[in-house]
Structures are given as C-alpha cells and as structure tokens.
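# Reading the structure
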Amino acid sequence: MRGHVLAVDAGNSKTDVAVVSADGEVLSAARGGGFRPPAVGVDTAVRGLAETVDRALADAGLASVDHVSACLANADFPVEEEELARALDARAWGASVTVRNDTFAILRAGVTEPRGVAVVCGAGINCVGMRPDGRTARFPAIGRISGDWGGGWGLSEEALWHAARAEDGRGGPTALSRTLPAHFGLPSMHALIEALHLEHVPAPRRHELAPVLFATAAQGDGVARAIVDRQAEEVVAMAVVALTRLDLLSEPAPVLLGGSVLAARHPRLNDRVARLLADRAPKAVPQVVTARPVLGAALLGLDRLGAREGAQQRLRAHYGV
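The shown structure was predicted, so the numbers you read here are calculated from the model rather than taken from an experiment. (Residues numbered from 1 in each chain as written. Predicted model: local features only at pLDDT ≥ 70, side-chain atom pairs only at ≥ 80, totals over all residues. Heavy atoms only, no water.)

This part is about the sheet that holds strand β4 (residues 65-72). Spatially, 5 strands are ordered β3-β2-β1-β4-β5 in an open sheet, and the strand pairing comes out mixed. Each edge of the open sheet carries a strand with a single partner, namely β3 (26-33) and β5 (94-101). With strand direction ignored, the average angle separating the axes of adjacent strands in the sheet is 15 degrees. With 7 bridges joining them, β4 and β5 adopt parallel strand pairing. Within β5, the residue paired with L72 across the bridge is N101. Those strands touched by helix α2 (residues 42-60) are β1 (4-10), β2 (14-21), β3 and β4, and its axis lies near 160 degrees from that of β3. (Pairing = 2+ DSSP bridges. Helix = DSSP H or I, 4+ residues; strand = E, 2+ residues; numbered from the N terminus. Axes fitted to C-alpha atoms, helices over the stretch in contact; angles between N-to-C directions. Contact = heavy atoms within 4.5 Å.)

Rendered as structure tokens:
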C-alpha cells in the first residue's frame, strides 16, 4: 500500500510531529513548542505548528501527504475541531485532514484497534472512548464549569485549600500545611500564600505540589489520602460513563490510564482506580499507557488509510511498544 500520514500530537507544552508511510515506517519526526489557540488565537497557533510540520515534511522529502491526523489540545468541542481542521486544511499539508482532541491519541496508542476508553489525568482531566464503527464518547473537559475535578493543577489547588485552612484554624489538621510550603523552602502556609500572591513563586510552579500531595498521602495523612481517593472516584466515574455510552460495560474493554498523574503509578491512586473499576465495570481491563501520544495520532492516520496490521506493528516497534 502506498501513501503517507502526517501525524501531529500538539499539547499545551510541546508538539510532536511524525511523517509515516502506509507500511508503518517513520520517515521523519520533529518537536516544537506548545499549541495554545485559546491564549494566542487559532492563526498564531497554527503558524507556530507550521514551523514544526514544515521541518518534518522537508526531512521526509515530501511537500505533502495523503492524510493529516492531528490530535490537538484545546480541541474540546466539535466546533473547535472543525475550525482547526479548516485552518490545517488551508495549509495544504495533506489531501485530507482529521482533527481530534489530543486524548484520542493516548487512547489509540494503547489499543490494537480503535476500541476502548482512555482517562487522561495530567495538568487537567479528560476522558474519551471509541469503537471501530466510528462511535465515540467524550466530555467537554474544560474545568469546573463542565463538571470536572482534579488533574495535577486541580489536585494542587485542593491541597493548598486544605493546607491554608488547617494552618489558620478554619479546617482540620493536615501535614500538607507543612509539606507544601517546605517544598519551596518556606516556613508556613502564610509565607507560601504570600509568595504565590506576589508571584515570588511563579504560578506555573503550583503543579509541583501534586507529587507533594501524593507523598503526604503515602505517609498516612488523612486529608491528603481523601483528596487522592476523590481523584480515583473521578477517574472511574468518567470511565464508567464512557463505557456505558459505548455499550462496552458488558464485554471486556480496555480502560487506558494516561497523563503524568496516572502514569506515575501512585499506589493509592492507581490501586483504588482498579478496585473501583472492578466493582462498577467488572469486565473493564485497566492499564497504564506511557507510549508517546504521537504514536496514537499516527495509528489513527493509518486506520484512515486502511493500513494492514503489519504496518501498525512496525510503527509500534519504532516507538518501543
């Protein structure tokens, strides 16, 4: 089979691009910066993406490909996928373009066919599911206004909330009131709150507190353990709803767990997720996915080309899966 796929996995912090032949050979790869249309606008975001894509195409010796398979952060609603697809199509990188939310890349990277559910818990939390017949399940996943809770950023905020109230007396005691400021070399929550407010500790560094939360939970702190347990509940709630929507509860189906929080395999979190899934979705098969999401974007592209199984195996071997 002849043809080529341009695979794009564009996240908030980095972008991976690969040019793949229909037989699964990776002809070139390139990495670029983050893709953040809400912050800079679609045109500016796509211009930044073009620098990485053009480099990958040039290294592969191609001007364009047969299909562009793009899994993009911030493509949370179909209307956003359509807008981004038009913007990518205007670049004439491929004869056809498909844009999906980047969570679909993690799902496809972890399964041998486009079937199953993925829950991604990184900076935020999201969940998608798919079946080979094209049916999908998804959530807006844009924060509290869409009913979401958790992810590294949310966990850090929750830990800070409990720690602040513990120190000033509005809440019960928790070791988080000591471990969170200690991470930044500060003596108290009051000092940490001031440092965050005055940006002596830059706001993006708040995500560093999620691992501190898990370490504090592992030491037996009740408040920290409760926060971790709630995260497990949220992961499983999303997975079960997606499985139900796709009529996958009654048959064995993979539930892929991805993103930095779940991929870290914190025992309390991941073990609780497994136990809750065993109770609420007994046929679900949970597994952690650490494969690079660009692999999933490329596999989705090969699906579109109708590539044979051997091509998928060759591509997976390239990425060490």
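A few words on the pattern of salt bridges. Counting across every chain of the model gives 15 salt bridges. Of the charged contacts, one joins R205 and E208 as a salt bridge, the two residues approaching to 2.7 Å between their closest N and O atoms. The exposure class of E208 is partly exposed, given its relative accessible area of 22%. Taking the shortest distance from any N to any O, the salt bridge between R268 and D229 comes out at 2.9 Å. Linking R268 in helix α11 (residues 267-280) with D229 in helix α9 (residues 222-245), this pair joins segments that are 39 residues apart in sequence. For D229, a relative accessible area of 15% corresponds to the buried category. When salt bridges that share partners are traced, they join D229, E233, R268, R272 and R280 into one network. (Salt bridge = Lys/Arg side-chain N within 4 Å of Asp/Glu carboxyl O. Buried < 20%, exposed > 50% of the residue type's maximum accessible area, 1.4 Å probe, protein only.)

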